[in-house]
Protein chains: 2
Amino acid sequence: MKRRDFLTRAGAGAALGATLAGGAAPALAQSQVRWRMSTMWPKSLDAMHGSAEIFARRVGQLTEGRFAISAHAAGEIVPPPQVFDAVQNGTIECGHVLSSFFFGKDPAFGFDAGMPFGLNARQQAAWMYYGGGLQALREVFARFNIVQLPVGNVGVQMGGWYRKEIKSVADLQGLKFRIGGIGGAILAKLGAVPQQIPPGEIYTSLEKGLIDGAEWIGPYDDEKLGFHKVAKYYYTPGWWEGSAQVTLLVNKKAWDALPQAYKEAVEAAAAEQYVMMLAKYDASHPDALKRLVGGGAQLRTFPRPVLDACYKATQEVLGGFAAKSPEFKKIYDPWLRFRADQNLWFRVAEHALDSYRYSHT
Amino acid sequence: MKRRDFLTRAGAGAALGATLAGGAAPALAQSQVRWRMSTMWPKSLDAMHGSAEIFARRVGQLTEGRFAISAHAAGEIVPPPQVFDAVQNGTIECGHVLSSFFFGKDPAFGFDAGMPFGLNARQQAAWMYYGGGLQALREVFARFNIVQLPVGNVGVQMGGWYRKEIKSVADLQGLKFRIGGIGGAILAKLGAVPQQIPPGEIYTSLEKGLIDGAEWIGPYDDEKLGFHKVAKYYYTPGWWEGSAQVTLLVNKKAWDALPQAYKEAVEAAAAEQYVMMLAKYDASHPDALKRLVGGGAQLRTFPRPVLDACYKATQEVLGGFAAKSPEFKKIYDPWLRFRADQNLWFRVAEHALDSYRYSHT
């Protein structure tokens, strides 16, 4: 909190309180607020770090410059794995993260970033905003002195890059695979050795042979990160994140100190990026995918038995968390019902039309 | 424009210009602006009209009361079919519409609301915000003295309610069917008699037997409108709108007169409702669908030959518009390429995972 800078504008109060034709003029917030936001992304990832910059700019525009958030790329203030702690202890006011990186602190963060075989991006938004998700997760983050907001979503991920083909569950045995979050715990159950590595360091690890494969997001970012140069098999789907929601972590004391209008600005700008980040990724992936495949990437689909094994392991892992933690179970049970309802509805309409449409392409 | 009320707050300027530690204080917009917004929806449709109200409230919050938009339900100021004209001529500053209702003025409005067998809701957002769609459509609306913004999306629609089953293309012959937009023109090619009726009047038309069937949006609204009481066959999918985007129409002079910060507030609040309206519908549809089916609604899928005939007719109708209008073609050709690319990408990842997930439910 020490770097936040509250200034009061002396003298403006009387003028702002002046009564006008049509009623009293509203009193405008006077605080000059400066926040620092650390992202977990290198600047080259313009859909992720770029979205954080657009979010910050919008907050500045909405508050007419009174509330300025500066966006700092991975490592500029703290390295990616420390963003959570830095927000929690107030070194920075906010962070732009995939909370799945921090699921070791609480497995319920998986509901925030997206669970394996979980909700797709639209279903996740429905759960967060109108299905009780945001409120349920606020209780989890509150234990860490943090108020969180959804600030983007990347959609479903690709299943990653591999040096060798994955033809059966046996091929996962001993596989050193870079993956964030609960997906890693599930792959570990199947014999893989998950590695949690920030995006800026994945390529080198893969190139040096320290790992056998790596997943990040999808074609647009993956191409920039260069994975296709060191691992040619590109798998789909990224079952470990049916959608990957990006989260704004805000230090609770900093949040509570904001004037109401600035909170509104953060909320609106964050929700705007939920649709904008997804739109940017969706618009950018197709050309990147074509370039990758044109350049030699071998597109593969995980064999059904592999997906089935992962699905079963997912149920076991999540069930295990629920058995151990009443707090996890309190979110998990209604989340399961919500997912079942969403899948029912999406199958009836959205998936039916998409399936027909795709049969013509 | 006559009802807009610009006030200048005398005396506040000097105080607001005061220099503070850390640099000059930004000058805050002083205009008190009042807008009236007409929606095309009865108040009972709380996902549609309610979203318009939330949008208006957010703009007020973001501008700290300086910019107030009042939301008026269908008929309160003008009847739904006149909302477009009222915005165009400045009777009201803005309208909350499905622009497909007005496609008779320009068939390119179909790209705004969603074309038959067109983009799904996420693909539509990608096209609008990062695929050139918003800019292309701004040129179309500018001919009508209107600046438009996406302000919501309902997702894919259901295929409507029918008194009799649709077993073949022949069953469309002579069918008096309530449908908005270009979908009606396509059904007419197949022998149906499309009727454009505002939502508040559909039930009565169906009850009196003036029409044989009707579509609106999906379970949540359809249940409120009571269609299941007078037509028992409920079809999927609503192929005429792969997604139905809701649009804010703004009188151009009113838009141009806004201070920059108020424009930002409108943009952010409108984008926020893109995700929020969709989330509200997605979260609300499953329970409504269960109640409808539990109450006797017969769920049916359009037979493949019917969909194929509609798909073919769609290509002919849209191709016809393109042949007649260079302005339409200028949007249509890149839109077709964009759709093909989106479908390619969605099939690889999103659809692959959704299909697997749904196989377990």
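Everything here concerns the structure above.
Definitions and cut-offs
- Residues numbered from 1 in each chain as written.
- Chains lettered and ligands numbered in written order.
- Predicted model: local features only at pLDDT ≥ 70, side-chain atom pairs only at ≥ 80, totals over all residues.
- Heavy atoms only, no water.
- Pairing = 2+ DSSP bridges.
- Helix = DSSP H or I, 4+ residues; strand = E, 2+ residues; numbered from the N terminus.
- Axes fitted to C-alpha atoms, helices over the stretch in contact; angles between N-to-C directions.
- Contact = heavy atoms within 4.5 Å.
- 1 Å grid on protein atoms, 1.4 Å probe; cavity = no way out; pocket = protein on both sides within 12 Å on 5 of 7 lines; lining within 4 Å.
- Points joined across faces, edges and corners; volume = space filled by probe spheres on them.
- Nonpolar A, V, L, I, M, F, W, Y, C, P; charged D, E, K, R; others polar.
- Least-squares fit on C-alpha atoms with pLDDT ≥ 70 in both.
- Buried area = accessible area lost by both parts, 1.4 Å probe.
- Salt bridge = Lys/Arg side-chain N within 4 Å of Asp/Glu carboxyl O.
- Polar contact = N/O pair within 3.5 Å; in protein donor to acceptor, adjacent residues only side chain to side chain.
- Phe/Tyr/Trp six-rings, centres within 6.5 Å; stacked < 30°, edge-to-face > 60°.
- Buried < 20%, exposed > 50% of the residue type's maximum accessible area, 1.4 Å probe, protein only.

Peer 1: Just checking my understanding: could you explain the sheet that holds strand β4 (residues 67-72) of chain A for this structure?
Peer 2: Whether parallel or antiparallel, the strands of a sheet pair through hydrogen bonds between backbone atoms. All names here are of chain A. One open sheet accounts for five strands, arranged β4-β3-β5-β12-β6; its pairing is mixed. Every other strand in the sheet has two partners, leaving β4 and β6 (146-153) as the edge strands with one partner each. Taken pair by pair, the neighbouring strands of this sheet meet at an average axis angle of 25°, ignoring direction. With seven bridges connecting them, β6 and strand β12 (residues 245-251) associate as antiparallel partners. Considered in β12, the bridge of proline 150 is made with threonine 247. This element, helix α2 (residues 49-62), spans β3 (33-39), β4, β5 (94-97), β6 and β12 of the sheet and lies at about 170° to β4. On top of the sheet, helix α11 (residues 260-294) reaches β3, β4, β5, β6 and β12; it is set at about 30° to β6, its chief contact.

Peer 1: I would appreciate a short explanation of the side chain of threonine 247 of chain B in the present structure.
Peer 2: Looking at where threonine 247 of chain B falls in the secondary structure, it is placed in strand β12 (residues 245-251). For threonine 247 of chain B, the residues in contact, after removing those within four places along its chain, are Gly95, His96, Val97, Ser99, Asp112, Gln148, Leu149 and Val151 of chain B.

Peer 1: Looking at this structure, I do not really get the sheet that holds strand β3 (residues 33-39) of chain B. What am I missing?
Peer 2: All names here are of chain B. Pairing in this open sheet of five strands is mixed, and the strands run β4-β3-β5-β12-β6 from one edge to the other. Each edge of the open sheet carries a strand with a single partner, namely β4 (67-72) and β6 (146-153). Strand-to-strand twist in this sheet, taken as the mean axis angle between neighbours without regard to direction, amounts to 25°. Here β3 pairs with β4 via six bridges, running parallel. Pairing of arginine 34 across the sheet is with alanine 68, part of β4.

Peer 1: Please clarify how the layout of surface pockets should be interpreted in this entry.
Peer 2: To locate leftover empty space, one rolls a probe as large as a water molecule over the atoms. Space inside the largest pocket adds up to approximately 320 Å³. Considering the residues around the largest pocket, the lining is formed by 16 residues, among which Arg58, Glu272 and Met276 of chain A together with Tyr129 and Glu267 of chain B are closest to the centre. Where the lining of the largest pocket is concerned, the elements lending two or more residues are α2 and α11 of chain A together with α5 (121-130), α6 (133-142), β6 and α11 (260-294) of chain B. Ranked by residues supplied to the lining of the largest pocket, first place goes to α2 of chain A with four residues. Its residues assigned to classes, the lining of the largest pocket shows nine nonpolar, two polar and five charged.

Peer 1: Explain the relation of the copies chain A and chain B here, please?
Peer 2: Two chain copies here: they are related by a rotation about an axis and a translation along the same axis. Of the transformation superimposing chain A on chain B, the axial component is 0.0 Å and the angular component is 180°, with the fit at an RMSD of 0.0 Å. Overall, the copies show the geometry of a two-fold rotation axis. Considering only C-alpha atoms, the part of chain A nearest the rotation axis is glutamate 272 of chain A, at 2.3 Å. In this assembly the copies share their binding face: 100% of the residues contributing to the interface of chain A also contribute to that of chain B.

Peer 1: What is the right way to read the interface of chain A and chain B from this model?
Peer 2: Often, the extent of an interface is quoted as the loss of accessible area on bringing the components together. The partner chain B presents 91 residues to the 91 residues of chain A that form the contact. Taken together, both faces of the contact between chain A and chain B bury some 8200 Å²; the carbon and sulfur share is 65%. A salt bridge links arginine 58 of chain A to glutamate 267 of chain B; its shortest N-O distance comes to 3.1 Å. At the junction of chain A with chain B, the criterion picks out 38 residue pairs in polar contact (both at pLDDT 80 or more). With 20 residues, α11 of chain A is the largest single contributor of residues to the side of chain A that touches chain B. Of the residues contributing to the side of chain A that touches chain B, the split by class is 50 nonpolar, 21 polar and 20 charged.

Peer 1: What's the story with the packing of aromatic side chains in this structure? I'm lost.
Peer 2: Both the distance between ring centres and the angle between the ring planes are used here to describe each pair of aromatic rings. Applying the stated criterion to the full structure yields 59 aromatic pairs over all chains. Ring geometry for phenylalanine 111 of chain A against tyrosine 332 of chain A: centres 6.3 Å apart, planes inclined by 45°, an arrangement best described as tilted. Taken together, the residues phenylalanine 111 of chain A in helix α4 (residues 109-113) and tyrosine 332 of chain A in helix α13 (residues 326-348) connect sequence positions 221 residues apart. For phenylalanine 111 of chain A, a relative accessible area of 0% translates into the label buried. Looking at tyrosine 332 of chain A, the relative accessible area reads 9%, which means it is buried. One aromatic cluster in this structure is built from Phe117, Tyr162, Phe177, Tyr235, Trp239, Trp240, Phe302 and Tyr311 of chain A together with Tyr356 of chain B.

That's the geometry; what it means functionally is another story.
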